[in-house]
Every structure is written in structure tokens, then in C-alpha cells.
Amino acid sequence: MRPGAWCSWMLGLVAGCEAAVATGLSETEADEIVVALDRVGIAASKERTGTGDEARFEVRTAQADVPGALVALRAVSLPRVRETSLTELFGGGGLVPTPVEERARLAAALGGELARSLESVDGVLDARVHVALPEPQPLRAPGQEPPRPRASVLVRHRADARPPDEASVRALVAGAVDGLRPEDVSVVAVATAVRAPAPEAGLVRMGPVAVSRGSLPAFRALAAAALGTNLLLAGALVFVLVRRRRSRSAGAPSTPTPAAPS
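The rules behind each value
- Residues numbered from 1 in each chain as written.
- Predicted model: local features only at pLDDT ≥ 70, side-chain atom pairs only at ≥ 80, totals over all residues.
- Heavy atoms only, no water.
- Helix = DSSP H or I, 4+ residues; strand = E, 2+ residues; numbered from the N terminus.
- Buried < 20%, exposed > 50% of the residue type's maximum accessible area, 1.4 Å probe, protein only.
- Contact = heavy atoms within 4.5 Å.
- Areas by Shrake-Rupley, 256 points an atom, 1.4 Å probe, with all protein chains shown as cover.
- Pairing = 2+ DSSP bridges.
- Axes fitted to C-alpha atoms, helices over the stretch in contact; angles between N-to-C directions.

A. The arrangement of the overall build of the protein in detail. Helix and strand content of the protein: 7 helices and 8 strands. When each of the 262 residues of the protein is scored for burial, the buried share is 27%. Considering only intrachain contacts with a sequence separation of at least 6, the fraction spanning at least 24 residues in the protein is 63%. Accessible surface, the protein: about 17,400 Å² in total, of which carbon and sulfur atoms supply 58%.

This is the structure:
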């Protein structure tokens, strides 16, 4: 086999043992997924799929680990659902929105920004923030207080981590919405257990050797490389022996033919 064909075969062998479990990610999102999979005993790696400002990443794991990785990621809500940002909602031009549309867009943008802030807290799997902005009432009776905004927060966190402090969550949300008081913020925290697979379930036996599923592609590549090296050395040894035998045969003196009796 030619060296180029040998390298292509090796690369195909390694690539065929892996599969992507998440694509189109930022580097931070890819790192988060790699850490989450490592926490449950699944080895994964991130690979760049773009260049420059458009660089994106994908997370790959062993082909045999794909089902378990997808289940583990779903349990911790990864990859996260991308919320609409304030820039995306208000950055584009267009027709003048109605007051109702503008208020709804502002509420959705505030909820998305606050959810991203809560998801950055250690142990929080995902968060949802719903902000209710009241309709302005320019005409009010004397002494009547203006309607106040309200907010509801749903936080899902790992069961093995401390839940976020409700007072801190209320203060964070109230500080981001004009006129919102901490007592008008409802917080619901839900614990989610993320169980790691049993140690024996993550092992794969190849002959007398047992390796983890995450190490299986590297072990196969190493075994294939060792086998290929041995075959090349054996072929080289046979070639040298054949050349030496031919050179000895060519250099041996010829035996004179005896003369026929007269």
C-alpha cells in the first residue's frame, strides 16, 4: 500500500469511530458541553468548523458514546436554547412598531438577557424569565398608584449543587427592570439529578484489553498503527532477505562442466 493511501486509510479509520453530538457552537458553548460530558464519564473533544469572526465549533465523541451523550446533554439542557438579545430585537430597521409591540419586544428582550445572566451561575442548568410590563396609564385618579411590572423566574439547577439564593435572584431581576420591586418577582427553583453511568457500562473489551468508550477511537488508531508498522517491518525484512539471497546467487562462482571422455 502506498504511503498516501495508508495515511488516508488511517484517517478514515479514526474519523469513522467518532461522531458529532453538537454543532454550530461558540467556543464557550463547546467547552461547556465537553465539561458536562466529562462529568458523566464520557470523553469528548471540540473542533473548529469555521474561520475568522464566523468561527464555530462542534463537539465530537466516540460513535458508541453518542446515545449516552445525547441523553446526558438533554438532561442538562445543552446546547442551551439561544434567547433573542436586545440588539437583535431593536437593531433592525422597519416600520414604526405600535406601543403594544414595542412593550412586548422589550419584555422578551429583558427576559432573554436576564435568563443568560442566571445561566452563568454555577450549578444552574437553564433559566426562564417572564417579564410583564404594564400598559401606561397617563390618566389616573388622584392618589392612584401606577401599575407595577411583575416578573416570574424558573430556574433549573443540578441536584448536587446549591440552588441559587432567591433573594439574590429577585434583586438581580428587579434591578434590570425599571419600576420592578423585589417582592413582585416570583422565583421557582427545580432540582434535576444528573446521574453518571456505572463504571462498567463505560468499558469496551477488545480481546484481552478493556478500555473506556471515550478512549476507544484512540486505542483503535494506536492498534492499527502498531499493526501497520509491524507489517511494514515484516515486508522490509522479507525484501532485504530476498535481495541478499539474489545477490549471493549472482556472486557465486560457476561450477565448470566436466569435459566429455575422448
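Okay, back to it.
B. Region of interest: the sheet that holds strand S2 (residues 44-48). One open sheet accounts for 3 strands, arranged S1-S3-S2; its pairing is antiparallel. Lying at the two open borders of the sheet, with one neighbouring strand each, are strand S1 (18-25) and S2. Mean inter-strand twist for the sheet, computed between neighbouring axes without regard to direction, equals 25°. Note: S1 against strand S3 (residues 57-62), 5 bridges, orientation antiparallel. Each residue of the ladder has a partner; that of Glu18, found in S3, is Ala62. Lying on the sheet, helix H2 (residues 27-39) is in contact with S1, S2 and S3; it crosses S2 at an angle near 165°. Its contacts with the sheet place helix H3 (residues 66-75) against S1 and S3, and it is angled at close to 35° to S1.

C. Representation of the sheet that holds strand S5 (residues 150-158) in the model. Spatially, 3 strands are ordered S4-S5-S6 in an open sheet, and the strand pairing comes out mixed. Only two strands of the sheet have a single partner each, and these edge strands are strand S4 (124-132) and strand S6 (185-192). When the angles between neighbouring strand axes are averaged without regard to direction, this sheet yields 10°. Bridging between S4 and S5 involves 8 bridges; their strand directions are antiparallel. Across the sheet, Ala132 pairs through a bridge with Arg150, a residue of S5.

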